[in-house]
Amino acid sequence: MKMHITHRYIPRLTRLFAAAGIMALPTFASAVLVDFEGLIPGSVNGQAGWTVEDEFGFGLTAYDQEVVDDGTGNMAWRVSNAVTSGGFSNQPNTQSSPQVAGESGSALWNDRGPDHTAPLSPPNPGGTATTSRFHSSFSFRSVTGAPQSNLGITLSPTARQSSWRNGYLAINDNGATGFDISFYETGSLADPFGPSATNPTIATDLSYSDWHTIDLYIDFVDGSLPSTFGNDVVQVFVDGNLVHTGSTWESYYDTDPGTRVQPGSSLKQAVDALMFRISGTAAPGNAGNGFYIDNVLVENFAAIPEPSRAALLALGVILPILRRRRVR
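Everything numeric here is computed off the predicted structure, so don't read it as measured data.

Novice: Any chance you could break down the overall build of the protein for me, citing the residues and the numbers?
Specialist: Within the protein one finds five helices and 13 strands. The proportion of buried residues among the 328 residues of the protein is 55%. Excluding contacts between residues fewer than 6 apart, the proportion of contacts in the protein whose partners are at least 24 apart in sequence is 73%. For the protein, the exposed surface amounts to about 12,500 Å²; the carbon and sulfur share of it is 55%.

Novice: Lay out the packing of aromatic side chains with the relevant residues and their values.
Specialist: Taken as a whole, this structure holds 19 aromatic pairs when the rule is applied. Look at tryptophan 164 and tyrosine 252: their rings are 6.4 Å apart centre to centre, the planes differ by 50°, and that puts the pair in the tilted class. With a gap of 88 residues between them, tryptophan 164 in the loop between strand 5 (152–158) and strand 6 (169–173) and tyrosine 252 in helix 3 (residues 250–255) connect regions that are remote in the sequence. Residue tryptophan 164 shares its accessibility class with tyrosine 252, and that shared class is buried. Ring centres 5.3 Å apart and planes at 80° place the aromatic pair phenylalanine 179 and tyrosine 208 in the edge-to-face group. Highlighted residues: phenylalanine 179 in strand 7 (residues 179–183) and tyrosine 208 in the loop between strand 8 (201–206) and strand 9 (212–219), separated in sequence by 29 residues.

Novice: I'd love a proper account of the nonpolar core, names of residues and values included.
Specialist: Inside soluble globular proteins, nonpolar side chains tend to come together where they are buried. In this structure, Phe36, Phe138, Phe140, Ile171 and Ile181 are the most contacted members of the largest nonpolar core, which totals 43 residues. When residues in this core are grouped by element, the largest group, four residues, is from strand 13 (residues 291–299). Not counting residues up to four positions away in its chain, the partners in contact with phenylalanine 138 are Leu155, Ile171, His212, Thr213, Ile214, Leu274, Phe276, Ile293, Asp294, Asn295 and Val296. Of all hydrophobic cores here, the second largest spans seven residues; its members include Trp109, Trp164, Tyr184 and Ala197.

Novice: I'd love a proper account of the sheet that holds strand 12 (residues 273–277), names of residues and values included.
Specialist: Read from one edge to the other, the open sheet built from five strands follows the order 8-7-6-5-12, with strand pairing classed as antiparallel. At either margin of the open sheet sits one strand with a lone partner, and together these are strand 8 and strand 12. The average angle at which neighbouring strand axes cross in this sheet is 15°, direction not considered. Two elements, strand 5 and strand 12, share five bridges in a ladder whose sense is antiparallel. The residue bridging serine 156 from the neighbouring strand is methionine 275, located in strand 12.

Novice: Can you break down the pairing of strand 13 residue by residue, with the values?
Specialist: Extensive coverage of strand 13 is indicated by the burial of nine of its nine residues. For strand 1 (residues 32–34) and strand 13, the ladder comprises three bridges, and the chain directions are antiparallel. Its bridge partner lying in strand 13, valine 34 is registered against valine 296. Judged from the seven bridges that link them, strand 4 (residues 133–142) and strand 13 form a sheet pairing that is antiparallel. Of the residues in strand 13, the one forming a bridge with serine 137 is leucine 297.

Novice: If you had to explain the confidence of the model for the protein to someone new, which residues and values would you point to?
Specialist: Model confidence for the protein is summarised by a mean pLDDT of 79, while 71% of its residues fall at 70 or above. Within the model, the stretch residues 1–29 combines pLDDT values under 50 with 70 contacts to residues more than four positions away or in other chains. Confidence over residues 113–123 falls short of pLDDT 50; this stretch has 18 contacts with residues more than four positions distant or in other chains.

Novice: A description of the side chain of arginine 160 should follow, citing residues and the corresponding values.
Specialist: Note on placement: arginine 160 falls in the loop between strand 5 and strand 6. Notably, arginine 160 is buried but unbridged: the nearest opposite-charge side chain belongs to aspartate 272, and the N-O separation is 5.2 Å. A distance of 3.0 Å separates the side chain of arginine 160 from the backbone oxygen of glycine 49, its partner in a polar contact. Looking at arginine 160, its side chain comes within polar contact range of the side chain of threonine 51, at 3.4 Å. Those residues in contact with arginine 160 that sit more than four places away from it in its chain are Gly49, Trp50, Thr51, Asn93, Thr94, Gln95, Ser96, Asp272 and Ala273.

Thresholds, definitions, all that
Residues numbered from 1 in each chain as written. Predicted model: local features only at pLDDT ≥ 70, side-chain atom pairs only at ≥ 80, totals over all residues. Heavy atoms only, no water. Helix = DSSP H or I, 4+ residues; strand = E, 2+ residues; numbered from the N terminus. Buried < 20%, exposed > 50% of the residue type's maximum accessible area, 1.4 Å probe, protein only. Contact = heavy atoms within 4.5 Å. Areas by Shrake-Rupley, 256 points an atom, 1.4 Å probe, with all protein chains shown as cover. Phe/Tyr/Trp six-rings, centres within 6.5 Å; stacked < 30°, edge-to-face > 60°. Core = buried A, V, L, I, M, F, W, Y, C linked by side-chain atoms within 4.5 Å. Pairing = 2+ DSSP bridges. Axes fitted to C-alpha atoms, helices over the stretch in contact; angles between N-to-C directions. pLDDT = per-residue confidence, 0-100. Lys, Arg positive; Asp, Glu negative; His and termini not counted. Salt bridge = Lys/Arg side-chain N within 4 Å of Asp/Glu carboxyl O. Polar contact = N/O pair within 3.5 Å; in protein donor to acceptor, adjacent residues only side chain to side chain.

If you want it as structure tokens, here you go:
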């Protein structure tokens, strides 16, 4: 299930970049791609690095999710919100990225001990950030090809199986014409979820019948802005098009650093995975349907000197094209 882009895609990427007038391919660490081929039909928990429970096997929830054939001979992950949970560490988490991403010195959060008590005092940190860049990507489409009442799921960059997240993207069925995507950004330090927070809809009416690809790029920047949104840069691409530029939830963590970051520091949350969170009011009528998710990629780009940033962003267009070899 693991594909190293540095081995398989570099010749094709080099040709594509050259055709676009970009002569140097950006340097990046090996990516980890899960396309669900070869996995055992049934729960994704414990397969290809994915989990649907917390780090110590505590909090397993019977979500409506499974690895299945999507009807075309292509294996995918099917998930709906027929069963929901208000938790975080027990939500579906992807495979880990090759490196931990975050601001200098930040670490993955781990607030559970081997006896399942939470939180430990102080919490035990996970791996320390070794890169400032994180990229996650996946393809999705409707299982039914038609509206599904109250269908929705959220996605967040996270420390695997953590009780904290560092961003928020939502995909919702609008009940009539397709899927809408929104991006929630925390606001001022004084009230990060108050009036200064934003929750724009960044894409609308994505068809039920087609596969769509979402790419989420994060550049973690040390420090923060003094009064409002964070200075980390988050860029969201939908089907190869840049639809939003925003930030992480660092203004939320700055509100109470004694609780939400490693004790004794003012460092933000590092991330190494993507959380598919199935929460809110359950929609049991969606059982057995929902979304097909495929080609889930997590990776970290190494330091890229300007002006190669344009090449980095171009990957948001090129990589989805390469991965669509199976999902048409």
